[in-house]
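# Summary of structural features
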Amino acid sequence: MLPAAYALLCVAIVLFLLTMLVIAGPTQPYQIAGEALLAIGAIWLIQLSSVSTPRAASGESVLAMLTVFFTFATLGPLIIMVFGGDEAGIVSGLVAAGVSGLISAGWAGAFAFRALWLLPLVVAFQIFVPERLFAWLDGLGALANFGDLELRVRMGVLAMISVLCVVIGYALFLRLVGGVERGRARAEAQLATAAAIHGQIVPEIDAERGGAHVVGRSEPSSTMGGDFIDLIDHGDGRFDFVLGDVTGHGVRAGVLMALAKGATRAVLDGASALEDAAARLNDTLCDATDDGTFVTAVLMRLEEQAGRLVLSVVNAGHPPPVRLGAHAGRLEPGQLPLGVMRGERYEAQRVELSPGEVLVIHSDGIPEAGADIGRVLGLAAVDRACARIGGSDARALVDGLFALARAHASPDDDMSVLVVAARESGRAG
């Protein structure tokens, strides 16, 4: 029904959209100004509809077109009142109202719905049809005033027609705005739900595991993001930590992030070696995602060996982790991101953390802060901030890197930081 209603409305526009010239000639300045006002106002009103093309016709699009029609139909009778002379009457007022409304709807439909094929019809109508239409109606005697009504009565009738158009247009406008607001409220509720789900999927980490204090936080740049962090306790003295970054951000990246996090946890739970887990995860993501979608990640396994904290680190296309302490610097660059090429093999770096040493892993949203304004923060600034804050407090490192990125520029990408700090007192928790 809705597409049919929209089609009928378009047919009406095609048949009648050619008329404003009946009221005054095509060269009258006030007519040109009036038509410009019609076009601007109608396009503004029609944009309140969420529909972008005529093919996506809906109740909102039809309601918006009717709102435009009646809102600007009032100008026709008003112009007849001022310039109509002896033609001022009931029939001419109704015809002028229809012409004004249809012209405004035509301009609105052409631009707001990108139906540019309407423009030649609108222009042709305004140039050729109105004068002939009114002449034809006059020849039939349709413009004659009933019973030779007094001018004051005829003006009153025209005013009533204008007021009626205003009332109908205003009522439709309120209904249109109400529908848009309800739709916006539903969208906001859905986004709030998505944000809550994201918070449940990617909660903050603050835990004592295997003689290390592990703190992590991930914040999306919008409602949902593509970054994730995780901590997996195998129950045998081994602990896995993950920071991953799915390409893109927003709802799509958030959905892919949930898939990637679930696949990562499943693979790490079932693999004995971290390298094997990375290879299996890569093949899984190659099968589950489309071309152009990949995941950069750092997978870490923490174990205590002879009283020492030993980390196995697999870096799949992620910024190299920062090491603070006696062996300060960044670890070796990573290999291919996950999900790029099936069959890729990954190697793990071995890192021994002495008491007081720290490993800082961050997503590219931290060093690339400011990329949208052409002034990125850079890895060197992140390294200096890590060295300045030091490794005495893992929480301070996480908070400091987030503060650094925000102070540099408004976040335009998801940001995540994961810190593994070897406790000075040895084993904890």
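The following paragraphs examine the structure supplied in this document. (Residues numbered from 1 in each chain as written. Predicted model: local features only at pLDDT ≥ 70, side-chain atom pairs only at ≥ 80, totals over all residues. Heavy atoms only, no water.)

## Observations regarding the pairing of strand β1 (residues 205-209)
Where β1 lies against strand β2 (residues 212-219), five bridges are found, and the strand directions are antiparallel. Looking across to β2, one finds that Arg209 is bridged to Ala212. In sequence, β1 turns back onto β2 through a hairpin of two residues, with Gly210 there showing a positive phi of about 55°. (Pairing = 2+ DSSP bridges. Helix = DSSP H or I, 4+ residues; strand = E, 2+ residues; numbered from the N terminus.)

## Let's talk about the sheet that holds strand β8 (residues 329-330)
Taken in spatial order, the six strands make up an open sheet running β1-β2-β11-β10-β7-β8, and their pairing is antiparallel. Because the sheet does not close on itself, it has two edges, and the strands there are β1 and β8. Docked against the sheet, helix α10 (residues 379-389) engages β7 (322-324), β8 and β10 (358-362), running at close to 25° with respect to β7. With respect to the sheet, helix α11 (residues 394-408) is in contact with β1, β2, β7, β10 and β11 (415-422), its orientation differing from that of β11 by roughly 155°. (Contact = heavy atoms within 4.5 Å. Axes fitted to C-alpha atoms, helices over the stretch in contact; angles between N-to-C directions.)

## Some remarks on the side chain of Asp413
By the element assignment, Asp413 lies in the loop between α11 and β11. Residue class for Asp413 comes out buried when judged on its relative accessible area of 17%. For Asp413, the residues in contact, after removing those within four places along its chain, are Ser221, His249, Asp364 and Gly365. (Buried < 20%, exposed > 50% of the residue type's maximum accessible area, 1.4 Å probe, protein only.)

## Looking at the packing of helix α8 (residues 251-270) against helix α9 (residues 274-288)
Working note: a packed helix pair is described by the angle between its axes plus the distance between those axes. Interhelical geometry of α8 versus α9 gives an angle of 145° and a closest axis separation of 9 Å. Note that α8 runs across α9; the crossing there is right-handed. Packed against α8, whose contacting residues are Leu259, Ala260, Ala263, Thr264, Val267, Leu268 and Gly270, the element α9 presents Leu274, Ala277, Arg280, Leu281, Thr284, Leu285 and Ala288 at the interface. Among the residues making up the contact of α8 with α9, the classes are represented as 10 nonpolar, three polar and one charged. (Left-handed = near helix turned anticlockwise from the far one by under 90°. Nonpolar A, V, L, I, M, F, W, Y, C, P; charged D, E, K, R; others polar.)

## Some words on the pairing of β2
Strand residues, when the strand is regular, have side chains that alternate between the two faces of the sheet. Burial within β2 is extensive, with seven of its eight residues counted as buried. Sheet topology note: the β2/β11 ladder contains eight bridges and is antiparallel. Each bridged residue has a counterpart across the sheet, and for Val214 the counterpart in β11 is Val420.

## Some remarks on α8
Along its 20 residues, α8 runs 29 Å from first to last C-alpha, staying within 8% of the 28 Å computed at 1.5 Å per residue. Buried within α8 we find Ala253, Gly254, Leu256, Met257, Ala260, Lys261, Ala263, Thr264, Val267 and Leu268. (Expected span 1.5 Å × (residues − 1).)

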